[in-house]
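# Structural overview
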Amino acid sequence: MPPSGLEVLDSKMAAQMWPEQGWAFLQLLLVVCFSQADEPVCRHRGDSENPQLSKNGDIILGGIFSLHSSWKTRQERYMHKPLPLQCTSLNFRDFQFAQAMLFAIEEINNSTDLLPGVSLGYKIYDSCGSIPRGVKVALALANGNEEVFVSSEEQCIQRAQVQTIMGETSSSPCMAIATVIGPFHLPLISHFATCACLSDKVKYPSFLRTIPSDYYQSRALAQLVRYFGWTWVGAVRTNDDYGNNGMATFIETAEQLGICLEYSVAVFRTDPPEKIRQIIDIIRDSTSKVIVAFVSHMDMDVLIHQLSYHNMTGYQWVGSEGWIFDSKTAAMDTHHILDGAIGLSIPEAYVSGMKEFMLDVKPLNSSGNELFTEFWEGLFNCKFNQSNLSVGNEKVCTGDEDITEIHNSFTDMSLMPIFNNVYKGVYAVAHALHNILGCNETCDSKRPLDPLRILQQIRQINFKTKEGDEVYFNENGDPAAKYEIINWQPTQNGIVDFVTVGLYDASLLADRQLILENKTLIWAQNSMQVPLSVCSEECPLGTRKVLQKGKPVCCYDCIRCAEGEFSNITDSITCERCPSEFWSNEKRDACVKKETEFLSYEEIMGSLLTGASLFGTCMTCLVACIFFRYRKTPIVRANNAELSFLLLFSLTLCFLCSLTFIGQPSQWSCMLRHTAFGITFVLCISCVLGKTIVVLMAFRATLPGSNVMKWFGPVQQRLSVVGFTLIQVLICILWLTISPPFAFKNFKQFNNKIIIECALGSAIGFWAVLGYIGLLALLCFVLAFLARKLPDNFNEAKFITFSMLIFCAVWITFIPAYVSSPGKFSVAVEIFAILASSFGLLICIFVPKCYIILLKPERNTKKNMMGKGPTKTT
């Protein structure tokens, strides 16, 4: 314990002032003075502090409560010793807490099972809501006020006067007191100090409490706010350790849960009106409709007054246990500012006999107790006078009035859960003492009591009260964290009903800690709908969030997902990319399978091309039938009938091969379409080339001495056709062997479609096939062009020239059209080129002959073919 001041009484007298006959008396006085110097007096420096309520006992428990909530301020000039603190504003709430402590002590003293034969006493001090005074009276409880006589060699120390201190009510005073008495291991057990900082056993080693830490309450409030979807809230806190630490934990948890604070302001009951008005302006100018208030009931009372004055209704309040279940706060809310508030409170409790004891305060009226007089005057708003003599018009009370007939904050038992905390704290000390003293039927009262041992024993206790409440402390000196969720529901008579609508139990798994019962909740302005408080509306499906510049993460714009992306959850941060074979739907909230595209028989373009192909085939067959019917006529025989029939056969294949390009591509169809096209066209051009050479050779053979026809007779013609065709066959075989065409799904050409097409495999192979066809066509065109002016009534070279001109023009224009056409249109271009060139050959070479055969039979003679017959008739 800190040493007290040491005073040694001494007296010096001027001997010259005494007469000679007084020398004997002087010598006697000096002997007495020096004999007392061996027993100096130890006393406290400064004014002594006496308890407001006290009772002797074998073991004394201390108590510190704010029986007054304020004090008179003085302007000290420090010219003389300051006067003692003058407390004002009687605090009925803490008076109830003190009564709860006295009830527990009386109940223990009357018990035969707990501390039998040992009586508990108490010393209860009033801190007046002042932290310095709280520290001072804590030291008074630790040291005592008695003067102690010790020898000059000894120090002014003594054992602690109390074994435990119950209190204080608020966190900040507890922090100061625990810091001072902590090094002496004197237990301090609070019933209402909830700051999470007090769980730090390095700073506050002797502090314990019977109310849960705000660490759990702050997290529970954040979970409650998130449960109702409020992501844009304001915050008001008490500007002390309780509010600042509690709000800091709330903000930390809220950020983890995606909750943003639009503002966070601090308020204290002693703030000037200008600062309170600034807070009101901040709330009024905000866009959030939910306010989390981590404040004490006293600060809330100040705030309610200003909120009512400015008619600040329509806000949803979320409260901490400091005010949410306080009936006095609810009674002050005459403008229904807080209607529908929701928050956390200590679970309801009942202690049999406590209410009756607390309302029976007459035993305190002993020895002219000034506190009782002030209490009674404040309770009945009268002037206390036991003689019942009236003083003017002033109401007089005697102390015999029936307290049950009045209704005020003292007779209100809504704070029974906190009274129960005081009750459990006293019983925790009693159980620890019971174990230390080895109590059975009796206790060993001679055992020395050490504060450290008592503190260690309190931390280890685990018992149940008579009502079945389990009492124990964890390693931080905190009890289990359980809260009730209550809702302010106004009744018809204007009184607020605190309705329990849920429970929070920190001992359960994270997803089961918050439980809301299936009860009807009342919200701000008596609404039945859960209020909405968000900075930005929830982003619907098919959109993603984009943060607004310079704003919190809860403020964002909703941007529609791009094509090919989707989001199937609300408030999505990103849009997911659809798989390659899928595409986003119109709403961008799901992926649908992409439409597959290829040139099919069912669509109009495919049907038209199929019809053209079949028409060409039929037309070719018809020409073949005509030629076969008139195969012995001069016009058929004169133009090499064998090559003509082979050409008609190849043209039929050309028309039919275009059908392999229509329909869904497959591995085999892709290889077939290109090779069939290449071979049949080479066969066709080879026949045309053979016919062109025959024309040239035939006219060369008419020259004198020419024997050229023997070098290009029917056998050579057949071999030339077979030879030219075999070269193309060889090219196709190499193409199919090295890198054949194959069917594949083209995802790149269109975002929302899958183009099923034939990949070339080897582009060299494809262009080699086309190049070879082009080479033969060009050669045929050149030879036919050279033979166009040869004399004959029917010079076939002219028609071959026109057919090759059409053929080359078609395939020259095919190349850019094929390269630039997307998807199935490139296939259509290729089919069109095949059909156009095939029709060009068929029409230019065979239609004129059919015209003569069918319509001009008189020209179908050998003389006419040789140019010896009559000229043409029109």
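Structural notes, computed from the coordinates.

Conventions used here
- Residues numbered from 1 in each chain as written.
- Predicted model: local features only at pLDDT ≥ 70, side-chain atom pairs only at ≥ 80, totals over all residues.
- Heavy atoms only, no water.
- Helix = DSSP H or I, 4+ residues; strand = E, 2+ residues; numbered from the N terminus.
- Buried < 20%, exposed > 50% of the residue type's maximum accessible area, 1.4 Å probe, protein only.
- Contact = heavy atoms within 4.5 Å.
- Areas by Shrake-Rupley, 256 points an atom, 1.4 Å probe, with all protein chains shown as cover.
- Phe/Tyr/Trp six-rings, centres within 6.5 Å; stacked < 30°, edge-to-face > 60°.
- Expected span 1.5 Å × (residues − 1).
- Core = buried A, V, L, I, M, F, W, Y, C linked by side-chain atoms within 4.5 Å.
- Patch = residues over 30% accessible without salt bridge, like charges linked within 9 Å, V, L, I, M, F, W, Y side chains within 5 Å.
- Salt bridge = Lys/Arg side-chain N within 4 Å of Asp/Glu carboxyl O.
- Axes fitted to C-alpha atoms, helices over the stretch in contact; angles between N-to-C directions.
- Left-handed = near helix turned anticlockwise from the far one by under 90°.
- Nonpolar A, V, L, I, M, F, W, Y, C, P; charged D, E, K, R; others polar.

Looking now at the overall build of the protein. In terms of regular secondary structure, the protein is built from 22 helices and 32 strands. Taking all 874 residues of the protein together, the buried fraction comes to 49%. Sequence separation of 24 or more characterises 69% of the internal contacts of the protein that already satisfy a separation of 6 or more. For the protein, the exposed surface amounts to about 42,600 Å²; the carbon and sulfur share of it is 57%.

What the rule picks out here adds up to 25 aromatic pairs. Ring centres of Tyr-215 and Tyr-216 lie 5.2 Å apart, and the angle between their planes is 85 degrees; on these two criteria the pair is classed as edge-to-face. According to the relative accessible area criterion, Tyr-216 is partly exposed, its value standing at 27%. Seen from their ring centres, Phe-677 and Phe-681 are 5.2 Å apart, and the 55 degrees between their planes marks the pair as tilted. Residue Phe-677 and its partner Phe-681 are both found in helix H17 (residues 667-701); the two are separated by 4 residues, about one turn of the helix.

Turning to unusual backbone geometry, a few remarks are in order. With omega at -10 degrees, the peptide bond leading from Gly-167 into Glu-168 counts as cis. Relative to the helices and strands, Glu-168 is located in the loop between strand S9 (165-167) and helix H4 (171-181). A positive phi angle, near 50 degrees, is found at Leu-115, a position not held by glycine. One can find Leu-115 in the loop between helix H2 (92-109) and strand S7 (120-126).

A word on helix H18 (residues 714-738). For an α-helix the count is 3.6 residues per turn, leaving residues at separations of three or four pointing the same way. Over its 25 residues, H18 runs 36 Å from end to end, which matches the ideal 36 Å to within 8%, given 1.5 Å per residue. Among the residues of H18, Gln-717, Ser-720, Val-721, Thr-725, Gln-728, Cys-732 and Trp-735 are the ones counted as buried.

Formed by 127 residues in total, the largest nonpolar core has its most connected members in Met-101, Leu-115, Trp-317 and Trp-323. Among the elements that line this core, the one with the most residues is helix H12 (residues 416-436), at 13 residues. Here Trp-323 is in contact with Ala-293, Val-295, Ser-296, His-297, Met-300, Trp-317, Val-318, Thr-329, Leu-338, Ala-341 and Trp-488, once residues within four sequence places are set aside. With 69 residues, the next largest nonpolar core counts Leu-651, Trp-735, Ala-833 and Cys-850 among its residues.

What follows covers a nonpolar patch on the surface. Residues Leu-778, Val-782, Phe-785 and Leu-786 make up a contiguous nonpolar surface patch of roughly 360 Å² in combined accessible area. On the secondary structure map, Val-782 appears in helix H19 (residues 763-786).

What follows concerns the packing of helix H3 (residues 131-143) against H4. Orientation of H3 relative to H4, taken along the N-to-C sense of each, is 35 degrees, at an axis distance of 9 Å. Like other packed secondary-structure pairs, H3 and H4 cross with a definite hand, here right-handed. Contact residues: Ile-131, Gly-134, Val-135, Ala-138 and Leu-139 in H3; Ser-172, Pro-173, Ala-176, Ile-177, Val-180 and Ile-181 in H4. Residue classes in the contact of H3 with H4 are distributed as 9 nonpolar, 2 polar and no charged.

Let us look at the side chain of Ser-308. With respect to the helices and strands, the residue Ser-308 is situated in helix H8 (residues 297-309). Relative accessible area serves as the criterion here: at 10%, Ser-308 is assigned to the buried category. In this structure, Ser-308 is in contact with His-335 and Ile-337, ignoring residues within four places of it in sequence.

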